[in-house]
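Here is what each chain is made of, one letter per residue.
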Amino acid sequence: MPDLSFIASLLTFLGLLSILIIAHEMGHFWVARRCGIKVERFGFGMPVGPVLWSKKIGEVEYCIHLLLLGGYVSFPDDNPDSAIPKDSPQRFENQPLINRFAVAIAGVTVNALLAWVIMAGVYMGWGGPKLGHETVVLATVKNEAAHKAGIHPGDIVKAVDGQPLPDAGTFIAVPYFTQAFESHKNGTVLIGLERQGKLLDVEVRVNKDGKIGFIPEQQQEQLGPVGNPLDAIAYSVDFLNTTIYKNFVAMGQMVTGRLNPEMLSGPIEIVSMGSETIEKYGIEKGLMLTAIISMILAVMNLLPIPALDGGHILFILIEAVKGSPLRKEVQERFTQAGFIGLMVLMVFILYNDSQKLVKRYAPSEEGKKAVMKELITAPPSATAKRHAAER
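These numbers come from a predicted model, not from an experiment.

S.K.: Explain the pattern of salt bridges to me, using residue names and the numbers behind them.
M.R.: In this structure the tally under the stated criterion is six salt bridges. Salt-bridge contacts for E59 lead to K38; the nearest nitrogen and oxygen are separated by 3.5 Å. Note that E59 is positioned in the loop between β2 (51-57) and β3 (60-65) and K38 in the loop between α1 (4-34) and β1 (41-44), a separation of 21 residues in sequence. A relative accessible area of 55% places E59 in the exposed class. Residue K38 is classed as buried on the basis of its relative accessible area of 16%.

S.K.: Give me the lowdown on helix α6 (residues 267-281), citing residues and values where you can.
M.R.: For α6, built from 15 residues, the straight-helix expectation of 21 Å at 1.5 Å per residue is met to within 8% by its first-to-last C-alpha distance of 20 Å. When we look at burial in α6, the residues that qualify are E269, V271, S272, G274, S275, E276, T277 and I278.

S.K.: Quick rundown of the packing of α6 against helix α7 (residues 283-301)? Include the residues and the values.
M.R.: Across the interface, α6 lies against α7 with an axial gap of 6 Å and an inter-helix angle of 150°. The pairing of α6 with α7 is recorded here as roughly antiparallel in orientation. Along the contact surface, α6 presents I270, M273, G274, T277, I278 and Y281, while α7 presents I283, E284, K285, G286, L289 and I293. In the contact of α6 with α7, the residues fall into seven nonpolar, three polar and two charged.

S.K.: I'd love a proper account of the nonpolar core, names of residues and values included.
M.R.: In terms of nonpolar packing, the biggest core is built from 27 residues, with F13, M119, F239 and L240 touching the most fellow members. Those elements that provide at least two residues to this core are α1, α2 (97-125), α5 (229-256), α6 and α7. When neighbours within four sequence positions are excluded, M119 is seen to be in contact with P129, S236, F239, L240, M288 and A291.

S.K.: Before we move on, could you go through the environment of M26 and cite the residues and values that matter?
M.R.: For M26, the location among the structural elements is in helix α1. Sequence separation between M26 and G71 is 45 residues, and the spatial gap between their C-alpha atoms is 9.8 Å.

Calculation notes
- Residues numbered from 1 in each chain as written.
- Predicted model: local features only at pLDDT ≥ 70, side-chain atom pairs only at ≥ 80, totals over all residues.
- Heavy atoms only, no water.
- Salt bridge = Lys/Arg side-chain N within 4 Å of Asp/Glu carboxyl O.
- Helix = DSSP H or I, 4+ residues; strand = E, 2+ residues; numbered from the N terminus.
- Buried < 20%, exposed > 50% of the residue type's maximum accessible area, 1.4 Å probe, protein only.
- Expected span 1.5 Å × (residues − 1).
- Axes fitted to C-alpha atoms, helices over the stretch in contact; angles between N-to-C directions.
- Parallel < 35°, antiparallel > 145°, perpendicular 65-115°, else oblique.
- Contact = heavy atoms within 4.5 Å.
- Nonpolar A, V, L, I, M, F, W, Y, C, P; charged D, E, K, R; others polar.
- Core = buried A, V, L, I, M, F, W, Y, C linked by side-chain atoms within 4.5 Å.

Structure representation (structure tokens):
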């Protein structure tokens, strides 16, 4: 029977992510309508593959696509068969620069505001992290080998193989710590620890599955519930800005090779991590992760990559400086190239996510032996007894 608690957490987190996507597109939708631009379609999901649901309400067609990895707002400019005249102000391209800029930046603005509001709500309802350097603590020591190596619960990890843990922010330091053991299977690794203010190095054996016999957990000093909304907003802005900065530093370290690119997470891994976070630590931690994702969406969409909001903003800024827009053919080529590049990156990320899931849920050799032993030593079931009696 499926774990109902995990299913509820999964559906909850999927709902939170859907809110982020819909809110982003609603930002574009609302500003476009205020500027007099006609919106022909509001889509939830990528505009590829089959449409699961579609309904026209007023002048706008609302639809849900099979690939729920984004959303879009479609203007007459996107439809070569649109009945709207080419010179109509209802087209996006015929609007003043300031209006087009407002429409393009509306989605990321909504995501940033939503992130701050969600995080402020977490601080007011439950409390939240106090800014400062995060620590990776060995929360649980699982086997005798780790005990013999000198690992104690509560030890703080400072370095792996002489390399300090990166100050990479929430949800990053622990994956860096665990992926460091992949290259030490069936070998040993030197871990720098802090115990009661003293520094020490411990050599630990890594098994063939890359496991080390203890569970790391990232910790931060916590604040209690914040009663003043203005203080909660200030904490929210500081926390999210710092966390996003550290996550983008981590991305830079992936490019330079200091961090393994396999640490890059996509939608599958994010949903899996978010569901487990809600199940283990409660809705407040899920909301915190949702706020971080919302801010990451805002910043990522500002990157000057065609097919993202930042690409549209780049074209608008070029037009403002140049005095005339780039030729439509040039914009289309850049947009197509950007879309293809994003699809290639998405394929890599999805493959990466699937490999992580396989590693996470596939049983280790020890687990397989334990299951086999249980099957061998378990008493026969009633069905087996009946079959034996019949024979």
